[in-house]
Amino acid sequence: MEFAELIKTPRVDGVVLHRPFMPTVEGTLCLTGHHLILSSRQDNTEELWLLHANIDSIEKRFVGSLGTIIVKCKDLRVIQLDIPGMEECLNIASSIEALSTLDSVSLMYPFFYRPLFEVIEDGWQLFVPEEAFKDLESMVLFYPWNETTLFGLPKEDEEDNIALWSAESAFTVDEAVMMRAAQPLTGTNGRRCKEDEKLINATLCAGKRGYIIDTRTIAVAQQAKTRGGGFEQEANYPQWRRIHKAIERSNVLQDSLIKLVEACNDQSHSMDRWLSKLEASNWQSKVKEILTTACLAAQCIDREGASVLVHGTEGTDSTLQVTSLAQIILDPACRTIRGFEVLIEREWLQAGHPFQQRCAQSAYSNGKPRSEAPVFLLFLDCVWQILRQFPCSFQFNENLLIMFFEHAYASQFGTFLGNCVAERVKLQLSQKTVSLWSWVNRPQELERFLNPLYEPNNLVIWPSVAPQSLLLWEGVFLRWNRSTKCLDEACQEMVHIIEYNKELQNKVNSLRRQLAQLETEDSPLQTP
Amino acid sequence: MEHIRTPKVENVRMIVTPRKSTVGTLYLSSTHTIFVENSEALKETWVLHSLVYNVERLPANSSGSPLIIRCKNFHVYRLLILQEKDCLDVLACLTRLSRPERYGELFCFSFNPNLDKELREKAWGFIDLKAEFSRMGIPRNLWHVTAANHEYRLCDTYPSELFVPKSASPAVIVGSAKFRSRGRLPVLSYFHRDTGASICRSSQPLSGFSARSSDDEQMLQAIMKSNPVSEFMYVVDTRPKLNAMANRAAGKGYENEDHYTNIKLQFIGIENIHVMRNSQQKLIDVGELAAPSMSDFLWGLENSGWLKHIKAVLDAGVFIAKAVAEEGVSVLVHCSDGWDRTAQACSVASVLLDPYYRTIKGLMVLIEKDWVSFGHKFSHRYAHLDGDPKEVSPVMDQFLECVWQLMQQFPCAFEFNERFLIQLHTHIYSCQYGNFICNCQKERRDLRLKERTHSLWPHLWENRAEYTNPLYRTGHSQTRGVLKPLTTAYCFNGNLPSHSLAPKGSQCHRLSMLKCPTLQQKKRLQPGTKSGFGLYS
């Protein structure tokens, strides 16, 4: 298919762009296969380049012959384009609609994108599973891409085996491991699987206990039995204790996000209405639930030295939220940029979180939700909450989290395409697209993501999960609804202070060295 | 000492969290409750009696009698006392000591930081309001100090020196005072040099349904004319319109626009002290919920109405600041008596308008001017003495929170940090210094507070390194000009400062450490405990 077929009007002059907190721009609107571009053709004004993939939904309005298109993006931004001429406007609107909802993955921008930078370190070669687990000797690793069963698609009991992973080396010190899986397929008549029992029990030494954290309530887990799923019977897994937590299923999340963003976008709300809408969206409750469960998992490992197995239904959504957050709490390595990338690679991409399905639509989706859900965004929100409570313990800042959110939903890079490793292999992403990591890890880019306050902290960090400690993530949800000038200035000021302090430290050190040198030179003279 | 039956109780358990507690000895002095841990460190916790809000005894159980001490600065101490009799004694004693009946019983009269007489006098001169009015750059041909309130003859809740328009004759001044509640006539609170517009304040006029006073009308006219470029002025009634209307039935009310030439009346809708008191109580209740869910918390926050009221106060300030700075129009602000909502609105507007009030010294000056000198009823509002509970209201808490909310939006604009606001809050209630005792200047003079007590300001000033915002830098764009905050509901951070007292912001803390090496050393030298007023033990 040619993109040209979809582009009825490639260019319109005299289009006016309105963005909140920015001056309006008048210029020429161009549509390409992957971008919506507005350029004023003046050197000093910023151009707008918007990926079609970033467009969540559009609305059109007409006043006389002046058409207006409201473009709502997956990164939650809302912009308005005033387009003279009804026909042009209709053409543009239908083109945008078609181009932003392309079905075929291979038509996505990453397959067309050629980097303008030199790839020094190929992100596709960066994270090899053996590396991540190299300190675990007694563990045999299962490679999903070698198995015939597709990773992430539940099928019989192998699912459990395949999805069995362990935590970082840090936890093996006390021989406690963290594992994740999908639910066991016990069904209503209590089927058993000797291999699964053997495998799960084998991870515990004699006399050690373990906890199975089921992210579903007992009622939901019971219900799952009727569909062939279920949970571990204690009698069959004698060393394990099962705990149920109430993390909402992913389909409920989408609704929650839509409600939250709707509340954030209405500036006319009175305080009462705002607070009640915030409450009704339930988003903050979900942040609290997930963090609480992650703390519980971390606590089992850190306080009791017990092993933990986390699962929900398929082990690709709430399970990953819990295991990855628990690692951020426990393991200082996950709080570095590289470590966090490893975490996303291992606990999300390779663990088979279905990014393409979950991130197909964002908060402005108006159709019937299929399988989209902001599972990953919610995880990033939880990371932000911990980062806010421990502002000196992370090597990265909020910008890195926001960047991941943007790229998960729309990107020039291939990293978040596909739903599991097998699909990615099939799509030949590593040959045909550029990895996000190739770009992020360039020193020029990294600078933007560095937290100036970072001081490595080797301790376990326990976030407070009290409701008053958990705030709305303004950096994402209010990003386009207020000016951040003053907050950005504060960050700059912070960097200045730290730089200045470093400078002074260096001066002190060099003076100290000089002094020491002078003292050793002088001392023979002083002694008579 | 006559109220202390049991000066010492041993084996008292202080419950820090449901899982963490320490055992120690409880001492009752005439001014403090002191808990000394049995541990080797002998960690001490000092609780000032005047900071105690209430003491509650729960039914005794097998492990002892629980006693909860709630403080006005939102600290809560939970004790477990072995013998019920001891518990009852402590309860009776604290209940009495935390509710002094006479000013003479207050801590400030016994608090002695070892300053000689001369230093004490000098300390009281640290904040000089005369100097402040001349700093504003008031044009002497348009405004002057009137002697009308000499010896508080005209209005006993105002300062004796008042700035009024030069064109207002003594007869007009007296006549206007007679037409205002409690004689609180319109006088100058802040002059904005850049535009020549001013903020004046007063109480409500005694207009009822039809009364008028040509003196009062002339007074407003004089205020308007002292801003030569503007053709009208705003009268901001900070009350909800309905409340203002109800006051007419009592012979009070608001200005009739037909009688006063060239005024524009604007209602803002800040609720009265009773609504605010209940709102804060509801908020405190939310804070005391055991393991609340997110919904419990957000619902409780909404139901308390606290942030709605904070927004109303800020909105009032924003309206006034905009009129003065952008329109160049003078504003007269009043509520009923002109000592609560009026003080809030004027001082928030001043913080927005004038960068000076965003400095450490400047905020002290502002509080001294708009609150202390203009007769904000500190002793009534903050229950310094055992009195009418209906007079108590967190008016100043709200002002401090407004400043805190502004700090969230403009992190580089304020010289002081959150800790400074918390310290101010504590001392407004503590009665340790004389600054906030009594309800007006006249009472303070009659009590000879300056001779008998100490001033808080120099004490805070000496420790200013601890209260300095590391991000503040003179010359930064945020430290200049007028602040224009957003007051959309979602801009209000639900993370309430007054209720999460421990100054968190390890971020801010680390930067302070970098910026101030002496502070860093000090911290190293005094590790560990930070307990109440331990310094003066």
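Chain B is annotated in an unreviewed UniProt entry as Myotubularin related protein 7b of Cyprinus carpio. If you open the UniProt record of chain B and go to Sequence similarities (unreviewed entry), you find "Belongs to the protein-tyrosine phosphatase family. Non-receptor class myotubularin subfamily."

As annotated in an unreviewed UniProt entry, chain A is Myotubularin-related protein 9 from Cyprinus carpio. The UniProt entry for chain A carries the following text under Sequence similarities (unreviewed entry): "Belongs to the protein-tyrosine phosphatase family. Non-receptor class myotubularin subfamily."

Summing up its helical and strand segments, chain B has 19 helices and 14 strands in all. Relative to the compact-globule value of 24 Å for 537 residues, chain B shows a C-alpha radius of gyration of 24 Å, a close match. For the C-alpha atoms alone, the extent of chain B along its principal axes is close to 75 × 55 × 50 Å. Relative to its 537 residues, chain B shows a buried fraction of 58%. Contacts in chain B between residues at least 24 apart in sequence constitute 69% of all its contacts with a sequence separation of at least 6. Surface summary for chain B: the accessible area is close to 22,300 Å², and the carbon and sulfur share equals 51%. With 65 positive and 53 negative side-chain charges, chain B shows a separation of 3 Å between the mean positions of the two kinds.

Here we come to the pattern of salt bridges. All names here are of chain B. Across all of its chains, the model carries 49 salt bridges over all chains by this definition. Of the charged contacts, one joins Glu151 and Arg445 as a salt bridge, the two residues approaching to 3.1 Å between their closest N and O atoms. Separated by 294 residues along the polypeptide, Glu151 in the loop between strand E8 (143-146) and strand E9 (162-165) and Arg445 in helix H15 (residues 441-446) bring together distant segments of the chain. With a closest N to O distance of 3.0 Å, Lys377 and Glu391 form a salt bridge. With Lys377 in the loop between helix H11 (360-373) and helix H12 (378-381) and Glu391 in the loop between H12 and helix H13 (395-409), the pair connects residues that are 14 residues apart, well separated along the chain. Classification of Lys377 as buried rests on a relative accessible area of 13%.

Time to look at the UniProt feature "domain: Myotubularin phosphatase" (unreviewed entry) in chain A. The UniProt record annotates "domain: Myotubularin phosphatase" (unreviewed entry) at residues 176-477 of chain A. The span residues 176-477 of chain A is 50% helix and 6% strand, and its two end C-alpha atoms sit 38 Å from each other.

By the definition in use, this model includes 38 aromatic pairs over all chains. Their ring planes at 70 degrees and their centres at 6.0 Å tell us that Trp274 of chain A and Tyr490 of chain B sit as a pair that is edge-to-face. Here Tyr490 of chain B lies in the loop between helix H17 (456-462) and helix H18 (506-515) and Trp274 of chain A lies in helix H9 (residues 271-281), a pairing that spans two chains. Aromatic side chains Trp371 of chain B and Phe399 of chain B sit 5.5 Å apart centroid to centroid with 40 degrees between the ring planes, which places their arrangement in the tilted category. With a gap of 28 residues between them, Trp371 of chain B in helix H11 and Phe399 of chain B in helix H13 connect regions that are remote in the sequence. An aromatic cluster is present here, built from Phe340, Trp348, Phe355, Phe376, Phe379, Phe394, Phe396, Phe404, Phe416 and Trp437 of chain A joined pairwise through their rings. Over the face of the ring belonging to Phe232 of chain B we find Lys264 of chain B, whose NZ or CZ atom lies 4.3 Å from the ring centre. Lying across the ring of Trp461 of chain B, Arg464 of chain B places its NZ or CZ 4.2 Å from the centre.

Turning our attention to the UniProt feature "binding site: substrate" (unreviewed entry) in chain B. Residue and element names in this part refer to chain B. UniProt records the feature "binding site: substrate" (unreviewed entry) for Asn272, Ile273, Cys335, Ser336, Asp337, Gly338, Trp339, Asp340 and Arg341 in the present numbering. Separation in sequence by 70 residues is not matched in space for these annotated residues, since their most distant C-alpha atoms are only 12.3 Å apart. Mapped onto the secondary structure, Ile273 falls in helix H7 (residues 273-288). Setting aside residues up to four positions removed in sequence, Ile273 forms contacts with Asp340, Arg381, Lys390, Glu391, Val392, Ser393 and Val395. Along the polypeptide, Arg341 turns up in helix H10 (residues 341-353).

Strand pairing in a sheet relies on backbone hydrogen bonds, with the paired strands running either antiparallel or parallel. Residue and element names in this part refer to chain A. Read from one edge of the open sheet, four strands run E8-E11-E9-E10, paired in parallel fashion. Strand pairing shows two members of the sheet lacking a second neighbour, strand E8 (178-181) and strand E10 (240-244), which therefore form its edges. With strand direction ignored, the average angle separating the axes of adjacent strands in the sheet is 20 degrees. Sheet contacts for helix H10 (residues 283-304): E8, strand E9 (210-214), E10 and strand E11 (307-311); angle to E9, the most-contacted strand, approximately 175 degrees. The sheet contacts of helix H11 (residues 318-330) involve E8 and E11, and relative to E8 the element is tilted by about 165 degrees.

Further remarks concern the environment of Ala246 of chain A. Examined against the element boundaries, Ala246 of chain A turns out to sit in the loop between E10 and helix H8 (250-264). Excluding residues that lie within four positions of it along the chain, Ala246 of chain A makes contacts with Thr215, Thr217 and Glu289 of chain A.

Together, Phe62, Met86 and Leu90 of chain A make up a nonpolar patch on the protein surface, roughly 240 Å² of accessible area in all. Assignment of secondary structure puts Phe62 of chain A in strand E5 (residues 55-63).

On to unusual backbone geometry. All names here are of chain B. At Asn114, a residue that is not glycine, the phi angle is positive and equals roughly 60 degrees. Take Asn114: it is sitting in the loop between helix H1 (84-97) and helix H2 (117-124). With a relative accessible area of 67%, Asn114 lands in the exposed category. Of note in this structure, Glu151 is not a glycine but carries a positive phi near 60 degrees.

For the rest of this paragraph, the subject is H2 of chain B. All names here are of chain B. For H2, the set of buried residues is Arg120, Ala123 and Trp124. For H2, the angular spread of buried residues about the axis comes to 100 degrees, placing them on one side. Turned more than 90 degrees away from the buried face of H2 sit Glu118 and Lys122, all of them exposed. Looking at the buried residues of H2, the elements they touch are helix H16 (449-452) and H17.

On to the state of the cysteines, then. Residue and element names in this part refer to chain A. Evaluated as defined, the whole model comprises zero disulfides over all chains. Here Cys30 stays unpaired: no disulfide links it, and the sulfur of Cys89, its closest cysteine neighbor, is 16 Å away. The class of Cys30 is partly exposed, set by a relative accessible area of 23%.

Residue and element names in this part refer to chain B. Strand order across the open sheet formed by seven strands is E4-E3-E2-E1-E7-E6-E5, with antiparallel pairing between neighbours. Of all strands in the sheet, those bounded by a partner on one side alone are strand E4 (44-48) and strand E5 (52-57). Within this sheet the neighbouring strands show an average axis-to-axis angle of 30 degrees, counted without direction. Two strands pair when backbone bridges link them, and strand E6 (residues 65-71) and strand E7 (residues 76-81) are joined in this way by six bridges, in the antiparallel orientation. Looking at the pairing, Pro66 lines up with Leu80 of E7.

Moving on: the nonpolar core. Counting residues in each nonpolar core, the largest one holds 204 residues, and the members touching the most others are Phe340, Phe404 and Phe477 of chain A together with Phe399 of chain B. With residues near it in sequence (within four places) discarded, Phe477 of chain A still touches Leu76, Leu257, Leu260, Val261, Cys264, Trp283, Leu377, Asp381 and Leu472 of chain A. Core analysis: the second largest hydrophobic core is formed by 28 residues, Val12, Ile69, Val71 and Cys73 of chain A among them.

Thresholds, definitions, all that
- Residues numbered from 1 in each chain as written.
- Chains lettered and ligands numbered in written order.
- Predicted model: local features only at pLDDT ≥ 70, side-chain atom pairs only at ≥ 80, totals over all residues.
- Heavy atoms only, no water.
- UniProt positions renumbered as here; feature names shortened; annotations may be inferred.
- Helix = DSSP H or I, 4+ residues; strand = E, 2+ residues; numbered from the N terminus.
- Rg over C-alpha atoms; globule rule 2.2 N^0.38 Å.
- Buried < 20%, exposed > 50% of the residue type's maximum accessible area, 1.4 Å probe, protein only.
- Contact = heavy atoms within 4.5 Å.
- Areas by Shrake-Rupley, 256 points an atom, 1.4 Å probe, with all protein chains shown as cover.
- Lys, Arg positive; Asp, Glu negative; His and termini not counted.
- Charge placed at Lys NZ, Arg CZ, Asp CG, Glu CD.
- Salt bridge = Lys/Arg side-chain N within 4 Å of Asp/Glu carboxyl O.
- Phe/Tyr/Trp six-rings, centres within 6.5 Å; stacked < 30°, edge-to-face > 60°.
- Lys NZ or Arg CZ within 6 Å of the ring centre and 35° of its normal.
- Pairing = 2+ DSSP bridges.
- Axes fitted to C-alpha atoms, helices over the stretch in contact; angles between N-to-C directions.
- Patch = residues over 30% accessible without salt bridge, like charges linked within 9 Å, V, L, I, M, F, W, Y side chains within 5 Å.
- Arc of directions from axis to C-beta.
- Disulfide = S-S within 2.5 Å.
- Core = buried A, V, L, I, M, F, W, Y, C linked by side-chain atoms within 4.5 Å.

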